[in-house]
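# Analysis of the macromolecular model
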Amino acid sequence: MKILRTRAASVSRQGLCAALLVAGLTTAAVGASPPHRAGLGDPSPGPDNPQSRPHGVPNLALPDLVPRPGTTGKPDPNATRGDTPDGATGIPATALAAYKNAEKLAQERYPSCHIPWQLIAGIGKVESGHAAEYGLRSDGMTDTQIRGPRLTGGQFAVIKDTDGGRWDGDTEYDRAVGPTQFIPSTWESFGADGNGDGKQDPNNIFDATAGTARYLCSGGKDLNNPGDLDRAILSYNQSREYVNAVLAWMRAYKSSSSAVPDPAPSRPGTGNTPAPPSSRPSKPGTTPPAKPGSGSSGGGNTPGKQNPPAKPTPSKPDEPKNPGNKPNPGGNGNGGETKPTPPKPAPVTRLDRVGDETLEATANEVFSERARVRALDAAGKPAPERTRVRFEIIGHTDAKFLGTARSVTVPTDKSGLATAPELHAKDWPGSFTIRATVEGSDIAPVDFHADVKTAPAPRADKLVRVGEDPLKAAAKSAFTQKIQIKALGKDKAVSDTAITATVLAADGKTPARTGPYFKDKDGKQLRTLALPKTDKDGTVTLPELFTDEQAGTFVLRLTTTDGTTLDLKLTVTAPPAAEPSGTPAPSGPAKPAQ
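Residues numbered from 1 in each chain as written. Predicted model: local features only at pLDDT ≥ 70, side-chain atom pairs only at ≥ 80, totals over all residues. Heavy atoms only, no water.

### Quick look at the overall build of the protein chain
Along the protein chain, the regular secondary structure elements total 7 helices and 21 strands. Burial status across the protein chain gives 41% buried among its 594 residues. In the protein chain, of all internal contacts separated by at least 6 residues, the share reaching a separation of at least 24 is 67%. For the protein chain, the computed accessible surface area is about 33,200 Å², with 52% contributed by carbon and sulfur atoms. (Helix = DSSP H or I, 4+ residues; strand = E, 2+ residues; numbered from the N terminus. Buried < 20%, exposed > 50% of the residue type's maximum accessible area, 1.4 Å probe, protein only. Contact = heavy atoms within 4.5 Å. Areas by Shrake-Rupley, 256 points an atom, 1.4 Å probe, with all protein chains shown as cover.)

### Describing helix α3 (residues 117-128)
For α3, spanning 12 residues, the distance from its first C-alpha to its last is 16 Å, which sits close to the expected 16 Å at 1.5 Å a residue. Most of α3 sits inside the fold, with 12 of its 12 residues counted as buried. Along α3, the positions that sit buried rather than exposed are Trp-117, Gln-118, Leu-119, Ile-120, Ala-121, Gly-122, Ile-123, Gly-124, Lys-125, Val-126, Glu-127 and Ser-128. Backbone geometry just downstream of α3 places Gly-129 in the positive-phi region, at approximately 60 degrees. (Expected span 1.5 Å × (residues − 1).)

### Focus on the sheet that holds strand β18 (residues 528-530)
Overall, mixed pairing links the 5 strands, which are arranged β12-β21-β20-β15-β18 in an open sheet. What marks the edges here is a single partner per strand, and that holds for β12 (471-474) and β18. If you compare each strand with its neighbour and ignore which way they point, the axes differ by 20 degrees on average. Bridge analysis of strand β15 (residues 499-504) against strand β20 (residues 552-560) gives 6 bridges, and the strand direction is antiparallel. Residue pairing for β20: Thr-502 is matched across the bridge by Arg-557. (Pairing = 2+ DSSP bridges. Axes fitted to C-alpha atoms, helices over the stretch in contact; angles between N-to-C directions.)

### So, the packing of aromatic side chains
On inspection of all chains with the given rule, the structure shows 9 aromatic pairs. When the ring of Phe-156 is compared with that of Trp-428, the centres are 5.4 Å apart and the planes differ by 55 degrees; the resulting orientation is tilted. Taken together, the residues Phe-156 in the loop between α3 and α4 (184-190) and Trp-428 in the loop between β8 (423-424) and β9 (430-438) connect sequence positions 272 residues apart. The exposure class of Phe-156 is buried, given its relative accessible area of 8%. What makes Trp-428 buried here is its relative accessible area of 16%. Between Phe-182 and Tyr-236, the aromatic rings sit 6.0 Å apart at their centres with planes inclined by 65 degrees, giving edge-to-face as the arrangement. Residue Phe-182 is located in the loop between α3 and α4, and its partner Tyr-236 is located in the loop between α6 (226-234) and α7 (240-259); the two are separated by 54 residues in the primary sequence. Of the residues examined, Phe-182 reaches a relative accessible area of 0% and is grouped as buried. (Phe/Tyr/Trp six-rings, centres within 6.5 Å; stacked < 30°, edge-to-face > 60°.)

### Observations concerning the sheet that holds strand β10 (residues 446-453)
Pairing is mixed across the open sheet formed by 5 strands, whose spatial order is β2-β10-β9-β4-β6. Whereas interior strands pair on both sides, the edge strands pair on one side only; in this sheet they are β2 (358-362) and β6 (407-411). Recorded for the sheet is a direction-independent mean angle of 25 degrees between the axes of neighbouring strands. By the bridge criterion, 7 bridges tie β9 to β10 in an arrangement that is antiparallel. Its bridge partner lying in β10, Ala-436 is registered against Val-446.

### A look at the state of the cysteines
Inspection of every chain in the model, using the stated rule, returns 1 disulfide. One disulfide in the model links Cys-113 with Cys-217; its S-S distance is 1.9 Å. In this structure the cystine formed by Cys-113 and Cys-217 twists about its S-S bond by roughly -85 degrees; its chirality is therefore left-handed. One end of the pair, Cys-113, is in the loop between α2 (93-109) and α3; the other, Cys-217, is in helix α5 (residues 205-217), with 104 residues separating them in the sequence. (Disulfide = S-S within 2.5 Å.)

### Things to note about unusual backbone geometry
Not every positive phi belongs to a glycine, and Lys-490 is a case in point at roughly 55 degrees. Assignment of secondary structure puts Lys-490 in the loop between β13 (484-489) and β14 (492-493). Owing to a relative accessible area of 70%, Lys-490 belongs among the exposed residues under this scheme. In the Ramachandran plot, Asp-496 falls in the positive-phi region, its phi being about 55 degrees despite a non-glycine side chain. Residue position: Asp-496 is located in the loop between β14 and β15.

### Structural notes on the pattern of salt bridges
The final tally for this structure, using the stated rule, is 17 salt bridges. Of the charged contacts, one joins Asp-447 and Arg-435 as a salt bridge, the two residues approaching to 2.8 Å between their closest N and O atoms. Of this pair, Asp-447 sits in strand β10 while Arg-435 sits in strand β9; the two residues are 12 residues apart in sequence, bridging distant segments of the chain. A relative accessible area of 27% means that Asp-447 is categorised as partly exposed. For Asp-469, the salt bridge is made with Arg-465, and the minimal N-O distance between the two is 3.1 Å. Of the residues examined, Arg-465 reaches a relative accessible area of 17% and is grouped as buried. (Salt bridge = Lys/Arg side-chain N within 4 Å of Asp/Glu carboxyl O.)

### Side note on the packing of α2 against α3
It is the contact of α2 with α3, at a shortest axis distance of 8 Å, that shows an interaxial angle of 135 degrees. Between α2 and α3, the crossing angle belongs to the class labelled oblique. Seen along the crossing, α2 lies across α3 with a hand that is right-handed. Judged by residue contacts, Leu-96, Tyr-99, Lys-100, Ala-102 and Glu-103 of α2 engage Trp-117, Ile-120, Ala-121, Gly-124 and Lys-125 from α3. Residue composition of the contact of α2 with α3, grouped by class: 6 nonpolar, 1 polar and 3 charged. (Parallel < 35°, antiparallel > 145°, perpendicular 65-115°, else oblique. Left-handed = near helix turned anticlockwise from the far one by under 90°. Nonpolar A, V, L, I, M, F, W, Y, C, P; charged D, E, K, R; others polar.)

### Quick word on the environment of Val-158
When you line up the elements, Val-158 lands in the loop between α3 and α4. Take Val-158: its relative accessible area is 44%, and that puts it in the partly exposed class.

### Focus: the environment of Leu-488
Mapped onto the elements, Leu-488 comes out in strand β13. Along the chain, Leu-488 and Leu-463 lie 25 residues apart, while their C-alpha atoms are 6.2 Å from each other. Leaving out residues up to four positions away in the same chain, Leu-488 has contacts with Arg-459, Ala-460, Asp-461, Lys-462, Val-464, Ala-493 and Val-494.

### Re the nonpolar core
Of all hydrophobic cores here, the largest spans 45 residues; its most connected members are Ile-91, Tyr-99, Ile-115, Leu-119, Leu-216 and Ile-233. In this structure Ile-115 touches Glu-103, Ala-106, Ile-120, Ala-213, Leu-216, Cys-217 and Leu-223, once residues within four positions along its chain are discounted. If you look at the next biggest cluster of nonpolar residues, it comprises 30 residues, including Val-348, Ala-363, Ala-371 and Phe-448. (Core = buried A, V, L, I, M, F, W, Y, C linked by side-chain atoms within 4.5 Å.)

### Here's the deal with α6
Taken together, the buried positions of α6 are Asp-228, Leu-229, Ala-232 and Ile-233. With its buried residues spanning 130 degrees around the axis, α6 presents them on a single face. For α6, the side-chain oxygen to backbone nitrogen distance between the N-cap and Gly-227 is 2.8 Å, and the N-cap itself is Asn-225. (Arc of directions from axis to C-beta. Polar contact = N/O pair within 3.5 Å; in protein donor to acceptor, adjacent residues only side chain to side chain.)

The structure is reproduced here in structure tokens:
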């Protein structure tokens, strides 16, 4: 969960440059787009609109009430491009500028809507974490496109492709796209140009947030009205938890942004953050000397004059509690020789990537390569052994380390190498980031680009018969057994497999002209038949197999479209010979006469 900063600290030069660029974009956007009126051209989306249906995995964690220990509210000195966090809110500078720009545009276009930028920020926080983990740049774009899962059903809605893959790169199913996760068809209706470049791009945070404002304000809503506010957020995601999370972040941003002003750049030659007072306690019985020119805390100072520094008046030190523990000259004051302080291990100053930057796998398989980094000190030598390196999965994906965790921490070895554990790709195809950082350090992270490809349709590499009893029938009858075939791929059932059944002569080569046969709907004999595709269990049941008057051995060959075959032996027995009527007297040699 991101933390709300409670105090502004300093503005980096890079953050200031980003802010100036953002200001220019904002000015251009405000002057470039014609005003709109909420409710006139944008009817309120109905309850069945695709945007409100489950389309991703929003972060419904609520904001912290207080900062976590160790957070300072200062911008990250290693943040780049547009991801420098604002000191008051913790929102990246570019994202914050986009939210405020969207509010300004909405004030002009939909004056009766009264949408606050903090509401748009709440949407951005829940939907994508302000795009901070996707390489947000100061122009509003991201290094990695933000795409939700394929909307193929299950825990998500089923939404077939509506944009020909233009925005989401998928020509079969839609995906939510961009920092505020628009469904492509919704963007088609509510897209906006937020930065005045003449384009409407849901992947640009200035355009996306302007589109979000347009969507939330549609239907003439007044978001000062609690009912309209509730309906607006529900139209984005029909989940009460979602509404609660967005409102909680909106209120948190309102609280933090009103309590702490935006940090201002410092003037040349001055610092913008006062030096904190020393927290080190003074020694008992002594008064620290005043620095020349600093004045004293008393009221006797005259402006422009300096009082001489006060001389410290040492007090008698307390008697040691342990009489036998007397200080020795040059000792440590505890009755012993001063022990040398061992040198501290050289700090880690950088992480280097080891191996390829891009890792690839197929859905439901394990990545063949692992993310690896080497921790080094300032001299380029390996960092101390067992330096803790954290690997974290960032982005919309169900991939997990060891199949269960989105983040893991591993120690380095003697060479400074840290290797992430096995990464399991699951059902969702797409791209995401693996980020390596050093725990307790603010050195620049190392990112790996991970791609999960759609698994190819499973192919049957084996056909087996269900059951083992011999297939026998008398001539001019039918086989009484139910013949079932199962298609397997890597020993797993394969559905939707097309199989053809063919009756062959005993040699297994020549098509049979007599012998066993299937019937078509008109009762005509067929010795080659396309079977229905296998079911979800990989099984298909053959229709009834008849016999004519021809007795003998035959072969029933089952063949898939990929050439996998199974031969079954068919035996047709001749009917028993009919017994003649009457019983003749047994013949034999005549008995001799008596």
